Protein chains: 2
Amino acid sequence: MIDSAQNPRFKQLLKLKQKKQRLEEGLFLVEGEHLVEEAIASGYCELLIANAAVPYWNQDTLILSPVLLKQLSELESSKLIFALCRIPKEQKPGKRVLLLDGIQDPGNLGTLIRSAAAFDFDTIVYENTVDVYSQKVIRSSQGALFKLSLISMELSAFINAHKDYQYYGTSVNQGLDVRDIVPKNPKIAIVLGNEGQGVREDILKLVNQVITIPMAKAESLNVGVAGSIIMYHFSLF
Amino acid sequence: MIDSAQNPRFKQLLKLKQKKQRLEEGLFLVEGEHLVEEAIASGYCELLIANAAVPYWNQDTLILSPVLLKQLSELESSKLIFALCRIPKEQKPGKRVLLLDGIQDPGNLGTLIRSAAAFDFDTIVYENTVDVYSQKVIRSSQGALFKLSLISMELSAFINAHKDYQYYGTSVNQGLDVRDIVPKNPKIAIVLGNEGQGVREDILKLVNQVITIPMAKAESLNVGVAGSIIMYHFSLF
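Residues numbered from 1 in each chain as written. Chains lettered and ligands numbered in written order. Predicted model: local features only at pLDDT ≥ 70, side-chain atom pairs only at ≥ 80, totals over all residues. Heavy atoms only, no water.

K.L.:
How would you explain the layout of surface pockets if you had to name every residue and give the values?
P.N.:
Residues and elements named next belong to chain B. Estimates place the volume of the second largest pocket at around 350 Å³. Lining the second largest pocket we find 24 residues, and of these L23, I87, Y126, Y133 and S152 sit closest to its centre. Only α2 (19-25), β6 (123-127) and β7 (149-152) provide two or more residues apiece to the lining of the second largest pocket. The biggest single contributor to the lining of the second largest pocket is α2, with four residues. Its residues assigned to classes, the lining of the second largest pocket comprises 10 nonpolar, five polar and nine charged. Composition of the lining of the second largest pocket by domain shows at least three residues from each of domain 1 (8-86) and domain 2 (96-235). (1 Å grid on protein atoms, 1.4 Å probe; cavity = no way out; pocket = protein on both sides within 12 Å on 5 of 7 lines; lining within 4 Å. Points joined across faces, edges and corners; volume = space filled by probe spheres on them. Helix = DSSP H or I, 4+ residues; strand = E, 2+ residues; numbered from the N terminus. Nonpolar A, V, L, I, M, F, W, Y, C, P; charged D, E, K, R; others polar. Domains from an automatic or database assignment.)

K.L.:
Which residues make up the domain arrangement of chain A, and what are the values?
P.N.:
Residues and elements named next belong to chain A. Taken domain by domain, chain A comprises domain 1 (8-86) and domain 2 (96-235). Taken over C-alpha atoms, the centre of domain 1 sits 29 Å from the centre of domain 2. Contacts between the two partners involve 15 residues from domain 1 and, on the opposite side, 13 residues from domain 2. Carbon and sulfur atoms supply 59% of the area buried between domain 1 and domain 2, which totals about 1300 Å² over both sides. Applying the counting rule to domain 1 against domain 2 returns two salt bridges. (Contact = heavy atoms within 4.5 Å. Buried area = accessible area lost by both parts, 1.4 Å probe. Salt bridge = Lys/Arg side-chain N within 4 Å of Asp/Glu carboxyl O.)

K.L.:
Residues and numbers for a nonpolar patch on the surface, please.
P.N.:
Side chains of V182(A), L236(A) and F237(A) sit close together on the surface and give an oily, nonpolar patch of about 270 Å² of accessible area. Within the secondary structure, F237(A) sits in the segment after α9 (223-235). (Patch = residues over 30% accessible without salt bridge, like charges linked within 9 Å, V, L, I, M, F, W, Y side chains within 5 Å. Areas by Shrake-Rupley, 256 points an atom, 1.4 Å probe, with all protein chains shown as cover.)

K.L.:
A description of the environment of V199(B) should follow, citing residues and the corresponding values.
P.N.:
Residues and elements named next belong to chain B. Within the secondary structure, V199 is located in the loop between β10 (188-193) and α8 (201-204). For V199, a relative accessible area of 8% corresponds to the buried category. Once the C-alpha coordinates of V199 and G102 are considered, the two residues, 97 residues apart in sequence, prove to be 8.1 Å apart. (Buried < 20%, exposed > 50% of the residue type's maximum accessible area, 1.4 Å probe, protein only.)

K.L.:
A description of the relation of the copies chain B and chain A should follow, citing residues and the corresponding values.
P.N.:
Overlaying chain B on chain A yields an RMSD of 0.0 Å, the required transformation being a rotation through 180° with an accompanying axial translation of 0.0 Å. Put plainly, the chains are arranged around a two-fold axis. Counting the interface residues of chain B, we find that 100% of their copies in chain A are interface residues as well, pointing to one common contact surface. (Least-squares fit on C-alpha atoms with pLDDT ≥ 70 in both.)

K.L.:
Could you give an account of the interface of chain B and chain A, with specific residues and numbers?
P.N.:
Between chain B and chain A, the contact holds 25 residues from the first and 26 residues from the second. Of the roughly 2100 Å² buried where chain B meets chain A, counting both sides, 59% is carbon and sulfur surface. Our count for the chain B to chain A interface comes out at two salt bridges. The salt bridge involving K147(B) is made with E219(A); its shortest N-O contact spans 3.4 Å.

Below, the structure is given as structure tokens:
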């Protein structure tokens, strides 16, 4: 059992709270029974971290003292169980893709990942967003991130390299009414933009069609909601 | 200008960060230019609070020192301008109502209020939810709460007192597919439940129809997203 905060292994785990460290090591932590279970099921989990071995999950477990587990925790109340997971490499895009252009709020990113899984969108491509592997994003996603292909890449590069998708950009009021869109191509990609600025102009120029959700005058939607409604629309086909 | 943290007026404002105090005094604060503007437009604003008078808004202004304004602030970066608003009394329900049963996350509540305004739902009735007048909720709502009737009331009492609505309960998998619902009654009320437990059973028994959003197997949606998709669906009629 590790019980010293100076232990190098523990210090390495603690550093995974920082995005930079996660990317360098290709590792991230998830906290809480439900998420740990999802991590194990996905095959991303390399090691459990807890106060005692958890025999029913049949995973190697690093034992930490309760005090150290508490330091690792980002939750106010938690069973203090963690999974150390490996960021998967070279994921391939599937049939239905969400392209995220600068999403900044962890809750919004997590919500979009959760809704993607619910509406059979299998891939997220992201540029300039908040870190997908932060605990806040993972929690809001309810573990759905383990079920999707997650690809960090310039959106313009993705679009130029994958000509076989029908690309839909989104705009608060400049596009075709989403309700009138009947997709013909089974490969669909939807671009969602930053909370304040929306999708960058030069990305909007690359899409096949700009779409808009009709709303009461002068209102707007949260980007997690807007993206979910559009995915819901396409899930009807 | 008030520059002492012991000033009774300032201490009263500071206490408005607590729900109990807001309800007792019938007052709440909003922060930031955009929200202050919405508060003024709505007629809820009684007083501006800032470091100097803001002549173009033509409102009485209480001048506080920058140090005290900073103490009042809940934002990391802010222009430190606030509106002191009065909680409106006896609001009447309109034609399209959202009944909220124990929503606990401020972001979810704010998102639902924002989406309600976007999809022409004019009324929120809430029981056991996080406080509507907390700054987090107001921020997530993007000020949309100023445009709706907000009614704190037991949901069962509301339903029993208003027989002229068509009530739709929501369930993750027990209801009719929402896509098959064509409303006939122009007065619609949708019940959304707690993030973990959903709508209470005894409330579900009171509704005319339980509905469900179809999803890929074993997934679920954030309640802010689910409620928004359902309101979007009804906005098509």
